[in-house]
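Remarks on the overall topology
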Amino acid sequence: MRPALFTDRDGTINRDCPYCHRIEDLVIYNDAVEILKEFHEKGFLIVIVTNQSGINRGYFTEKEFREFNDAVIHSLGESGVYVDATYFCPHRPDENCSCRKPKTELIVRAVKEMDIDLNRSVILGDREDIEGELGRKLGIKSIILKRSGCETTVR
Ligand SMILES: [Mg+2]
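Residues numbered from 1 in each chain as written. Predicted model: local features only at pLDDT ≥ 70, side-chain atom pairs only at ≥ 80, totals over all residues. Heavy atoms only, no water.

Observations regarding helix α1 (residues 30-41)
Under the convention used in this document: Strands here mean DSSP runs of E at least two residues long; helices mean DSSP runs of H or I at least four residues long; both are numbered from the N terminus. Here the expected length of a helix is defined as 1.5 Å per residue gap, with one fewer gap than residues. Pairs of residues are marked as contacts when any of their non-hydrogen atoms sit within 4.5 Å.
Taking 1.5 Å of rise per residue, 12 residues should cover 16 Å, and α1 covers 16 Å from first to last C-alpha, within 8% of that figure. Each element contacted by the buried residues of α1 is listed here: β1 (4-7), β2 (45-51), α2 (62-78), β4 (122-125) and β5 (141-144). Two residues or fewer after α1 comes Gly 43, characterised by a positive phi angle close to 95°.

Details of the coordination of the magnesium ion
As a reminder, the rule being used: Excluding water, the donors of a metal are its N, O and S neighbours within 2.8 Å, or within 3.2 Å for Na, K and Ca, and that exclusion means sites may look incomplete. Burial classification: accessible surface area is computed with a 1.4 Å probe over protein chains only, and a residue below 20% of its type maximum counts as buried, one above 50% as exposed, and the rest as partly exposed.
Protein coordination of the magnesium ion is provided by Asp 8 (OD), Asp 10 (O) and Asp 126 (OD), with donor distances spanning 2.1 to 2.3 Å. Sequence spacing of the donor residues for the magnesium ion, all on one chain, is D-x1-D-x115-D. Taken together, the positions of Asp 8 in the loop between β1 and α1 and Asp 126 in the loop between β4 and α4 (128-138) put the pair 118 residues apart, joining distant regions of the chain. This pair shows no difference in class: Asp 8 is buried, exactly as Asp 126 is.

Quick look at α2
Heads up, the rule is: Comment: arc refers to directions from the helix axis out to C-beta atoms.
Taking 1.5 Å as the rise per residue, α2 with 17 residues should run 24 Å; its terminal C-alpha atoms sit 24 Å apart, in good agreement. Those residues of α2 not exposed but buried are Phe 65, Phe 68, Asn 69, Ala 71, Val 72 and Leu 76. Seen end-on, α2 carries its buried residues on one side only, within an arc spanning 150°. Looking at α2, the residues exposed on the side facing more than 90 degrees away from the buried face are Lys 63, His 74 and Glu 78. Where α2 is buried, its residues contact α1, β2 and β3 (85-89). Phi turns positive, to about 85°, at Gly 80, one or two residues after α2.

A word on unusual backbone geometry
Between Cys 17 and the following residue, Pro 18, the backbone shows a cis peptide bond with an omega angle of -5°. Its location among the elements puts Pro 18 in the loop between β1 and α1. A positive phi angle is found at Tyr 19, which is not glycine, with a value near 55°. Within the fold, Tyr 19 resides in the loop between β1 and α1. Positive phi is not limited to glycine here, since Asp 115 has a value of about 55°.

A look at the pairing of β5
Here is the key point about a regular strand: its side chains alternate between the two faces of the sheet. Here is the rule: Two strands form a pair only when DSSP identifies at least two bridges running between them. We call a crossover right-handed when, viewed with both strands directed away from the observer, the connection leading from the first strand over the helix to the second proceeds clockwise.
Relative to β5, β4 runs parallel, the two sharing four bridges. Within β5, the position partnered with Leu 124 by the bridge is Ile 143. Taken together, β4, α4 and β5 constitute a β-α-β crossover, and its handedness is right-handed.

Observations concerning the packing of aromatic side chains
What counts here: Two rings from Phe, Tyr or Trp (for Trp, the six-membered ring) form a pair when their centres are within 6.5 Å of each other. A pair whose planes differ by under 30 degrees is stacked, one over 60 is edge-to-face, and the rest are tilted.
Following the criterion strictly, the structure yields three aromatic pairs and no others. For the pair Tyr 19 and Tyr 59, a centre-to-centre distance of 4.8 Å together with 75° between the ring planes defines the contact as edge-to-face. Here Tyr 59 lies in the loop between β2 and α2 and Tyr 19 lies in the loop between β1 and α1, a separation of 40 residues in the sequence. For Tyr 59, a relative accessible area of 40% gives the class partly exposed. Pairing Phe 65 with Phe 88 gives two aromatic rings, centres 4.5 Å apart and planes at 40°, and the pair type is tilted. Separated by 23 residues along the polypeptide, Phe 65 in helix α2 and Phe 88 in strand β3 bring together distant segments of the chain. Side by side, Phe 65 and Phe 88 carry an identical accessibility label, which is buried.

What follows is the structure, encoded as structure tokens:
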């Protein structure tokens, strides 16, 4: 069993627009690439776990989400980072689903489906109240990257 680095996407790997889905807006953070590479080289699976309420808010389609996500993965690949899987929640907060982070369902699902060693796994994100909280709930370590600038702008 391998451990995983469960990484947030928007605001962690790429600049948050927010609700980003246009490939021309894609900017990858170098520090995130370095961290992903380091964990990949240590034998961790790299699993993107992302809230995408923009889908059910009607801001973009699931197809557009997948195209943007593929562009993120492709761009990481050019830097030598291989992403093993992506898990996403399409729901709005008011839908009270069981998968929106900081709820644990997406990670629990990944652990089961990919036979991941949860106890040795690590969470990477940009939000103490989301990925930090998720780490506490699961009892695993989290790394929170502090971002500033346009990613905090609310549309
Ligand atoms: Mg984020």
